[in-house]
Structures are given as C-alpha cells and as structure tokens.
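Below, each chain spelled out in residue letters.
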Amino acid sequence: YWQLKDKKKALKFSERALCVSKANKSKLKESTYNLLVALYNENERIDDMLPLFEELVRFYPKKRYWTQLSGGYGELKQEKKQLSSLEAAHDQRLLDKENEYVVLYQLLMRAEAPFKAAKVIDYGIKEEFVEENEKHLKYLAQAWHLSQELDKAEPVYKKAAEKAKDGELYVFLGQIYLATDRLDMASESLKKGLEKGKLKDPVSVNILLGQVAYEQQKFDEATTFFRKSLDKVSDIKGKNEEDTYKKQDKLRNQALKWLTYTENERERVRILNLRRKDLEENA
C-alpha cells in the first residue's frame with residue numbers, strides 16, 4: 001500500500017502489525033517502525049511518533065533514533081526528556097556532529113548542570129567534532145567558570161579572548177584573577193577588555209577596575225575609574241525606558257558609593273601617614 005501511495009491503508013496495516021506484535025510480546029521489524037514513523041510524520045502526529053522512538057532505542061539502539069527521540073521531545077517542549085535522550089546518545093558515544101554537542105551543552109546549561117556541560121563541549125572539541133573557535137571556547141570557559149573550576153576556565157578564557165573581536169572575555173578572565181587575589185593580572189586583563197571594546201557594560205568594568213585599584217591602595221587611580229563609570233552611565237540601555245532607568249540608577253549608586261568610600265579612605269590614610277610622620281620626627 002505504501003508503494004501504491006495509499007497511505008491511509010498503509011497506516012492501517014502498519015498499526016495493526018504493531019498491535020499484533022505487542023499482543024504476542026514480539027519485536028516489530030525495524031522497517032515497520034520506520035514506516036509508521038514516516039506516516040505519522042507526514043501527518044505531524046508527534047505524540048504518536050515518540051512511543052515508537054522509545055521502542056526503537058530499546059530494540060534498535062542507533063544514533064538517529066536517539067536524536068529523533070530528543071528532537072521530538074524538543075518540539076513538544078519537554079526539555080528534561082529532550083536532554084536525557086540526547087545525553088544517553090552521548091554516553092554511548094553516538095554523537096558525531098557539532099550541532100548535536102552544542103544543543104546538548106545548551107540543554108545542560110539550562111538544566112543548571114554546568115560541569116556536565118563543560119565535559120560535553122570539552123569532549124567535542126578534543127575529538128574534533130566541535131570546531132575550536134571563539135564561540136565554543138567561550139562556551140567551555142563559562143561552563144568551567146560556573147562550575148567553580150577556575151583553574152580550568154582560566155586558560156580557555158585566555159585562548160578565547162585572543163580570538164575574540166570584543167573585550168568581553170578579557171573581562172571574564174579579569175574576574176577570575178580578581179576572585180583569586182591576583183590584582184595586578186586582574187587590572188591588566190580588565191584594561192585589555194576596555195581597550196578591545198564593544199563591551200555590553202563598560203560601566204561595570206570601570207567599577208571593577210576601581211575596586212581593584214582600591215584594593216591595591218591606588219586611591220587616585222580608583223577614583224579616576226569610578227568617575228569614568230559615572231560619565232558612562234548614560235550610555236547604558238535597557239529593554240525599555242523603565243529598565244534603562246533602573247539599570248542606570250543601580251550603576252550610578254554603586255559608583256557613587258565606591259567613589260565616596262574611596263575618597264574617605266584616601267583621606268583617612270593621608271591623616272594616618274601624617275601622624276606617623278609626626279611621631280617619627282618627634283621620637
């Protein structure tokens with residue numbers, strides 16, 4: 001009937017074959033499953049296709065059935081099942097295309113499993129299924145970063161930042177240096193980010209540089225960065241007028257607090273130094 005293009009009868013007898021096989025507790029032929037899938041697909045009957053793919057991966061565990069099962073769940077917005085089926089294919093080392101690794105990475109990140117996501121994209125790059133370009137290195141670095149695997153994130157950020165057309169990755173690298181108390185390296189990396197430009201939020205970067213300079217007790221440099229951030233606040237844009245106002249107001253207050261705090265600390269240190277000098281001279 002399929003060859004005669006009588007799809008209605010082809011579907012009728014294919015479904016009957018499936019019922020008979022279930023009644024007899026026997027395994028349906030792979031070709032019959034595929035015929036049913038094709039017929040359901042033509043009629044966009046995704047809900048009917050999924051049980052077939054679930055049986056196909058059990059009886060005939062091939063890559064295409066796992067990916068088709070995952071894709072079907074994706075179309076129905078069943079993201080957890082989409083993830084588990086694609087992850088099962090990866091665990092069996094069946095995935096061999098870049099987009100498959102990228103989709104699995106994104107699903108794991110949305111499921112708040114950055115360590116697994118990092119392992120997946122790292123494997124894909126090492127096995128040369130995934131191109132080692134700026135975007136994929138950024139994926140890898142951010143997953144390691146979110147997993148608190150800073151020692152693994154750092155070299156990847158370095159490599160990705162050199163390839164990048166903007167300075168965002170140097171900012172992320174600077175944050176790692178800051179988190180690990182390497183202030184000189186943090187300052188250098190953040191400055192590189194500003195120099196390379198095209199940053200989403202240069203105001204926050206200037207605030208970070210001010211904080212680094214403050215920790216180094218370079219108070220003049222710190223105030224310069226905080227004042228720069230205040231000058232650039234009006235450049236920050238949000239989704240709408242209200243969002244823009246909230247973002248600008250938050251950054252403005254943050255910069256002003258740090259500026260005031262730094263100027264007060266500079267004055268305090270200056271007075272302490274004068275007192276110390278007086279004590280030394282009068283000793």
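You'll find the structure just up there.
As a starting point, this report considers the structure included with it. Just so it is clear, the model here is predicted, and its values are computed rather than measured.

So, the overall build of the chain
Check the secondary structure of the chain and you find 14 helices and zero strands. Reading the helices (α) and strands (β) of the chain from amino to carboxyl end gives α-α-α-α-α-α-α-α-α-α-α-α-α-α. Expected size for 283 residues packed as a compact globule is a radius of gyration near 19 Å; at 29 Å, the chain overshoots this value by more than 25%. Looking at the chain as a whole, 41% of its 283 residues are labelled buried. Sequence-distant contacts, at least 24 apart, represent 50% of the contacts inside the chain between residues at least 6 apart. Working note: accessible area of the chain is about 17200 Å², and carbon and sulfur atoms make up 48% of it.

Notes on helix α14 (residues 241-282)
Spanning 42 residues, α14 covers 61 Å between terminal C-alpha atoms, matching the ideal 62 Å at 1.5 Å per step. Of the residues making up α14, those classed as buried are Thr244, Gln248, Leu251, Ala255, Leu259, Thr262, Glu265 and Val269. Contacts made by the buried residues of α14 are with α12 (202-215) and α13 (219-232). Measuring from the side-chain oxygen of the N-cap residue of α14 to the backbone nitrogen of glutamate 242 gives 3.2 Å; that N-cap residue is asparagine 240.

Here we look at the packing of aromatic side chains
In the structure shown here, the tally under the stated rule is twelve aromatic pairs. Just above the ring of phenylalanine 59 sits the side chain of arginine 58; from NZ or CZ to the centre is 4.8 Å. One Lys or Arg, arginine 93, reaches over the ring of tyrosine 123 and ends 4.2 Å from the middle of that ring.

Analysis parameters
- Each chain has its residues counted from 1, running along the sequence as written.
- For this predicted model, a pLDDT threshold of at least 70 governs which residues receive local features, and a threshold of 80 or more governs which side-chain atom pairs are given and counted, while totals over whole chains, interfaces and linings are taken from all residues.
- Each side-chain value is derived from all of the structure's non-hydrogen atoms; neither hydrogens nor water enter the calculation.
- Helix and strand definitions here come from DSSP, where helices need a minimum of 4 consecutive H or I residues and strands a minimum of 2 consecutive E residues; each element is numbered from the N-terminal end.
- When we talk radius of gyration, it's over C-alpha atoms, and the globule rule is simply 2.2 Å times the number of residues to the 0.38.
- Burial here depends on accessible area, computed with a 1.4 Å probe over protein chains only, as a share of the maximum for the residue type. Under 20% is buried, over 50% is exposed, and the range in between is partly exposed.
- We call two residues in contact whenever any of their non-hydrogen atoms come within 4.5 Å of each other.
- For accessible areas, the Shrake-Rupley method is used with a probe of radius 1.4 Å. Any residue's cover is judged against the shown protein chains and nothing else.
- Here the expected span of a helix is defined as 1.5 Å times the quantity of residues minus one.
- Polar contact is defined as a pair of N or O atoms within 3.5 Å, subject to the rule that within protein one atom must be able to donate a hydrogen and the other to accept it, and that residues adjacent in sequence are counted only when both atoms are side-chain atoms.
- When the centres of two rings from Phe, Tyr and Trp lie within 6.5 Å, Trp using its six-membered ring, the rings pair. Their planes under 30 degrees apart give stacked, over 60 give edge-to-face, and anything left gives tilted.
- Over a ring means this: the NZ of a Lys or the CZ of an Arg is within 6 Å of the ring centre and within 35 degrees of the ring normal.

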